[in-house]
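# Structural description and commentary
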Amino acid sequence: MMGVALALAKREFTRFARQPQRVIGAVAQPLMFWLFLGAGMGTSFRPAGLAQVSYFEYFYPGVMVMMLLFASIFACITIIEDRDAGFLQGVLVAPVSRMAIVLGKVFGATAIALVQVLLFTVAAPFLGLTLGGAGAVLLLLGFILTSIGFAGLGFLLAWGMRSTAGFHAIMMVFLMPLWMLSGALFPISGAPGWMNVVMQINPVFHALEIIRAPFYGDGLALLGQRGYLLSLAVVVAWAVLSLLASMMRVSKRELGV
Amino acid sequence: MIQIQSLTHTYPASRKQAPRVALADLTLSVAEGEFAILSGPNGSGKSTLFRILCGLALPSSGKVSIGGFDLFAQPQHVRRILGVVFQSPAVDKHLTVAENLRLHADLYGIGRGDFSRLRDDALAWSDLADRLEQKVETLSGGLARQVELAKVLMTRPRVLLLDEPTTGLDPASRRNFLGALQKLQRERGMTVLMTSHVFSEAEEVDRVAILREGNLLAYDSPQALKALIGTEMVVVRPQGDAEALAASLRAELGLAVRRHGDELRLEETENGEGLPMLESILERWRDQIRSISIKQPDLEDVFVHVTGRAEPERASHKELGQ
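Residues numbered from 1 in each chain as written. Chains lettered and ligands numbered in written order. Predicted model: local features only at pLDDT ≥ 70, side-chain atom pairs only at ≥ 80, totals over all residues.

Under the annotation held in an unreviewed UniProt entry, chain B carries the name ABC transporter ATP-binding protein and is attributed to Magnetospirillum sulfuroxidans.

Convention followed: UniProt positions are given in the numbering used here, feature names are shortened, and annotations may be inferred rather than shown by experiment.
The name recorded for chain A in an unreviewed UniProt entry is Transport permease protein, from Magnetospirillum sulfuroxidans. UniProt lists a comment for chain A under the heading Sequence similarities (unreviewed entry), and it reads "Belongs to the ABC-2 integral membrane protein family."

Pasting the structure below:
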């Protein structure tokens, strides 16, 4: 199963690397978000309790999550393209496990997302953020799990869709709010009560937590913190559930009555 | 090798449409090593049947076994012995020919050891040998189809399903494709089921099935099918009112006259009867006839005869990209 998934993932990556526009867009867009919003907001708004953190720095992990979101989601749009072009039917009739079809897409998406977000991680020292060895491993784990979660969710949404335009609409009304309510733009502590609750049950909030934490704590010590472990568990559950749901979706054959 | 038993498929009702029966109690089998063609007008259920056979859809009821495996209970076993060529290309056109073949080999679990041998084997008949590093999107329609067939043949399927594989090809490429397919089918003893609109493709196969509205109207060898209608037919193209001429031919000659587009066909004519009939018709109705000829019936004529309507619209074929 893994061999097939990796072969399919390799195809995703090869296609990505051959479309320079996609590479540029995927890196430049979050970077602009970060620079423009960071620069603009930082001087205009000063949230209470964040006096010692610049908005640039606060927003930094949020942009990482946005990169993972966009990279994974764009990779899932190719499901619709694959179906349209006919490639997908060839994979569906092949003697491969349905999970391998899901994992192929999700791993490909994750690889693409990782390349982008790791490039962006290079900016960390300029913000005065440092990572220990264990912290770097946990950060990478956070990237991978989050990316799998987004890609799994994207897969589930894209599978039944026939048009990429429809997928964009779903992305804007469903996936973007998940990110907006993750604490990427503003801290959960300042959010009104109802929003606070929504944010707590939003898996992307927890994804952001496990990506932000390694910059501010010792890697090994994090593994002893209840808050960190809870967020980690939520993200793992999110990734696993979206993969399983996607697999069930792929296994379903259209039925006559 | 392929056994289809009382297969029925009804599409569920949607907001605008009542439930639609696509296949009605269809029973059909293709023996091992046989080359069968499935034809029928648009909407006859061919595509539905094809989607069911390659495991993409489940029917409302009925059984299908392929290579001794129950398609619905053990799809994973069937997939292993099955090769499928779709009407729309199933190769990734952004990848090179070699990359596509390698990916396909990975999907079918072909190891590095066997790969180069199987690949060379699958390419032997094709014109792709010196184009392996080209992206598929840069190839002509005919060559892109060759990639499709080579890819599928590489896994050595025992059963090959093809859905209008020559759509969008020029006549020369079409002949090449079918020639290669038939040669390989005989060499390897593959069981082949192919849907097709083009009856010149069916003349040399073992069996031809004709479907209409989900029912099997005929299933036999091309020779036997041609014997359904006479060995000769007289074709009249009327000048002016076709119905009037048809009625008067019917009344005075006592023969079945079938309208086909702007032609009137007298199909129940045996060898040698055609010419005298032509002469007598010409003598009696000369002023109402634009042209008249004798024709050896081909499968297209059988199709017209059996389905009772003109040949399906060619224009509705989806054209393949370049």
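More follows now that the structure is in view.
### So, the overall build of chain B
This is how the line gets drawn: The secondary structure listing takes helices from DSSP runs of H or I that are at least 4 residues long and strands from runs of E that are at least 2 residues long, numbered from the N terminus. Put plainly, a residue is buried at 20 or more neighbouring C-beta atoms within 10 Å of its own, exposed at 12 or fewer, and partly exposed in between, counting only other residues' C-beta atoms, which are placed from the backbone. Contact criterion: two residues are in contact if their C-beta atoms, reconstructed from the backbone, are within 7 Å.
Within chain B, the secondary structure is distributed over ten helices and 15 strands. Across its three principal axes, chain B shows a C-alpha extent of roughly 75 × 45 × 40 Å. A total of 322 residues make up chain B; the buried ones form 40% of that total. The long-range fraction of contacts in chain B, counting pairs at least 24 apart against all pairs at least 6 apart in sequence, stands at 71%.

### As for the interface of chain B and chain A
The criterion, for reference: Note on pairing: two strands pair once DSSP finds at least 2 bridges between them.
Taken together, the contact pairs 28 residues of chain B with 22 residues of chain A. Contributing elements (two or more residues each) for the side of chain B that touches chain A: β1 (2-11), β4 (57-58), α2 (75-81), β7 (82-85) and α3 (97-107) of chain B. In terms of strand pairing, strand β1 (residues 254-255) of chain A meets β4 of chain B through two bridges, oriented parallel. The residue of β4 of chain B that forms the bridge with Leu-255 of chain A is Leu-58 of chain B.

### Some words on helix α4 (residues 112-123) of chain B
Residues and elements named next belong to chain B. What counts is decided by this rule: How far a helix is expected to stretch is found by multiplying one less than its residue total by 1.5 Å. By definition, the arc is the one covered by directions from the helix axis to the C-beta atoms.
A rise of 1.5 Å per residue sets the reference length of α4, with its twelve residues, at 16 Å; its end C-alpha atoms lie 17 Å apart and thus fit the reference within 8%. Here α4 has its buried residues at Arg-119, Ala-122 and Leu-123. When α4 is viewed along its axis, its buried side chains cluster within an angular range of 85 degrees and face the same direction. Turned more than 90 degrees off the buried face of α4, the exposed positions are Gly-113, Arg-117 and Asp-120. Packed against the buried residues of α4 are α3 and α5 (141-154).

### A short note on the sheet that holds strand β6 (residues 69-70) of chain B
All names here are of chain B. Ordered by their spatial adjacency, four strands build an open sheet running β2-β1-β5-β6, and the pairing between neighbours is antiparallel. In this open sheet, the two strands that pair with only one neighbour each are β2 (20-30) and β6. Direction of pairing for strand β5 (residues 61-66) relative to β6: antiparallel, over a ladder of two bridges. Residue Ile-66 lies in a different strand from β6, and its bridge partner there is Phe-69.

### Focus: the sheet that holds strand β9 (residues 191-195) of chain B
Residues and elements named next belong to chain B. Rules: Axis definition: a line fitted to C-alpha atoms, limited for helices to the stretch in contact. Angles are taken between N-to-C directions and run from 0 to 180 degrees.
Read across the open sheet, the six strands follow the order β7-β8-β9-β3-β10-β11; overall the sheet is mixed. A strand with exactly one partner marks an edge of an open sheet, and here the two such strands are β7 and β11 (215-220). Going across the sheet, the axis of each strand differs from the next one's by a mean of 15 degrees, ignoring polarity. In the sheet, strand β8 (residues 159-163) pairs with β9 via five bridges, with the strands oriented parallel. The partner of Leu-162 across the bridge, within β9, is Met-194. Each of β3 (35-39), β10 (207-212) and β11 touches helix α10 (residues 299-307); the most contacted strand, β10, lies at about 35 degrees to it.

### Here we look at the confidence of the model for chain B
All names here are of chain B. Test applied: One number per residue, pLDDT, summarises how confident the predictor is, and it ranges from 0 to 100.
Per-chain confidence: chain B averages 85 in pLDDT, with 95% of residues scoring 70 or above. Contacts of residues 310-322 to residues separated by more than four positions or lying in other chains number 18 contacts, the stretch itself having pLDDT below 50. Two numbers describe this predicted complex: its pTM, 0.83, and its ipTM, 0.84.

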